[in-house]
Amino acid sequence: MASADDEVAHEFRFFRVYKDGRIHMLMPTWETIPPFDDPATGVKSKDVTISTEPPVSVRIFLPKLQSPTQKLPLLFYIHGGGFSMMSAFSPPYHNYCAALAAEANFLVVSVEYGLFPTRPIPACYEDSWAALQWVTSHVNRNGPEQWLNEHADFEKVFIGGDSAGGNISHTLAFRVGTIGLPAGVKVVGVILVHPYFGGTEDDEMWLCMCPDNRGMDDPRMNPPVEDVGRLGCEKVLIFVAEKDHLNIVGKNYSEKLEKSGWKGSFELVENENEEHCFHIRYPNHDKAGELNRKLVSFLKQE
């Protein structure tokens, strides 16, 4: 007979919890790749360690420059993975951010943040906020990272992410609106792609990953209308996928924006007949190209 220790207490989408407290991740590992310079697109990439305790780092993507002093808008990107998987250094996210850098002609900074179970929520929020603060500390051109000092246009900053990264993007935009960033930094827009908010069967999983949670109404999982109305940006682009179980929560978020009295503009785009984050898994899919063209157009303020 199986011991009592092997009895499962909770079975979630990405992991199971045993009665003795052990956690078994259903996707325990994923591939990572080092940064590299891509001769085909001219995009260069490098990794920078922001802190070791806690461990926070970023991968920076610099597109081909037209001049040595060229200033570029900046996208701060937060990868998805259910707060418990994937990496800014995994091939799908490296390739995605490199492609965005090339197509939009943007500096892209992709954050490597703490994941459950090694570092439970709220590590993801605190690490991402620390990384955004570090990036914007270069606004006076005297920070530790040369690419940011020389090439970032801090009056054209965007924040974006998919799935869990969409959720984290909201929290960062709320902090920009309520805490602020250094003078001279302007967050123009925020992009939420298939965001993971409360309102589905995955709520209990989020609560399990966040030991200090405040219940179903925790504002990080389920932002109230008043928080949504305090985003520190001018415009928001929200994508939902028709066949995604998180479709409804993205739509709920846009309804909250409508009700909040927020002064910015927003757009909700539905990816018909598509599943959650299909554009990351199938980047060559026609519909992925369609989503990315819309996203790049938003970045370039066309």
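Fair warning: this is a prediction, and the values are worked out from it, not measured in the lab.

Caption draft 1: Spatial organisation of the UniProt feature "domain: Alpha/beta hydrolase fold-3" (unreviewed entry) in the protein chain. In this numbering, the UniProt entry assigns the feature "domain: Alpha/beta hydrolase fold-3" (unreviewed entry) to residues 75-279. The annotated region residues 75-279 carries 37% helix and 20% strand content, and the separation between its end C-alpha atoms amounts to 18 Å.

Caption draft 2: How the structure looks around the pattern of salt bridges. Tallied over the full model, the rule gives 15 salt bridges. For D202, the salt bridge is made with R13, and the minimal N-O distance between the two is 3.0 Å. Pair noted here: D202 is in the loop between strand 9 (187-193) and helix 5 (203-209) and R13 is in the loop between strand 1 (8-11) and strand 2 (15-18), with a separation of 189 residues, a long-range link. By relative accessible area, D202 is classed as buried at 5%. Residues R119 and D127 are paired through a salt bridge, measuring 2.5 Å at the closest nitrogen-oxygen approach. The pair formed by R119 and D127 is uniform in burial state, with each residue classed as buried.

Caption draft 3: Local environment of the sheet that holds strand 9. Pairing is mixed across the open sheet formed by 8 strands, whose spatial order is 4-5-7-6-8-9-10-11. This sheet does not close on itself; its edge strands, each paired only once, are strand 4 (44-52) and strand 11 (265-271). Within the sheet, the average angular offset between the axes of one strand and its neighbour, ignoring direction, is 20 degrees. In the sheet, strand 4 pairs with strand 5 (residues 55-62) via 8 bridges, with the strands oriented antiparallel. Note that in strand 5 the partner of K46 across the bridge is I60.

Caption draft 4: The pairing of strand 2, seen in detail. For strand 1 and strand 2, the ladder comprises 3 bridges, and the chain directions are antiparallel. Looking at the pairing, H10 lines up with V17 of strand 2. Adjacent in sequence and paired antiparallel, strand 1 and strand 2 are bridged by 3 residues. In this sheet, strand 3 (residues 23-25) lies alongside strand 2 in antiparallel orientation, the contact comprising 3 bridges. Following the sheet pairing, F15 is matched in strand 3 by M25.

Caption draft 5: Examining the nonpolar core more closely. Formed by 96 residues in total, the largest nonpolar core has its most connected members in F76 and F83. Contacts of F83, omitting those with residues within four sequence positions, involve L115, F116, I121, C124, Y125, A164, N167, I168, Y196, W206 and M209.

Caption draft 6: Inspection of helix 1 (residues 91-104) at higher detail. Taking 1.5 Å per residue, 14 residues should reach 20 Å; helix 1 reaches 20 Å between its end C-alpha atoms and fits that length. Of the residues flanking the end of helix 1, it is N105, one or two places downstream, whose phi is positive at about 60 degrees.

Caption draft 7: Examining the packing of helix 1 against helix 9 (residues 286-299) more closely. Running from amino to carboxyl end, helix 1 crosses helix 9 at an angle of 55 degrees, the nearest separation of the two axes being 10 Å. For the element pair helix 1 / helix 9, the angle class is oblique. Helix 1 and helix 9 meet at a crossing whose hand is right-handed. Two secondary-structure elements touch here, helix 1 through Y96, L100, E103 and A104 and helix 9 through L291, N292, L295, V296 and L299. Here the residues of the contact of helix 1 with helix 9 sort into 7 nonpolar, 1 polar and 1 charged.

Definitions and limits used
Residues numbered from 1 in each chain as written. Predicted model: local features only at pLDDT ≥ 70, side-chain atom pairs only at ≥ 80, totals over all residues. Heavy atoms only, no water. UniProt positions renumbered as here; feature names shortened; annotations may be inferred. Helix = DSSP H or I, 4+ residues; strand = E, 2+ residues; numbered from the N terminus. Salt bridge = Lys/Arg side-chain N within 4 Å of Asp/Glu carboxyl O. Buried < 20%, exposed > 50% of the residue type's maximum accessible area, 1.4 Å probe, protein only. Pairing = 2+ DSSP bridges. Axes fitted to C-alpha atoms, helices over the stretch in contact; angles between N-to-C directions. Core = buried A, V, L, I, M, F, W, Y, C linked by side-chain atoms within 4.5 Å. Contact = heavy atoms within 4.5 Å. Expected span 1.5 Å × (residues − 1). Parallel < 35°, antiparallel > 145°, perpendicular 65-115°, else oblique. Left-handed = near helix turned anticlockwise from the far one by under 90°. Nonpolar A, V, L, I, M, F, W, Y, C, P; charged D, E, K, R; others polar.

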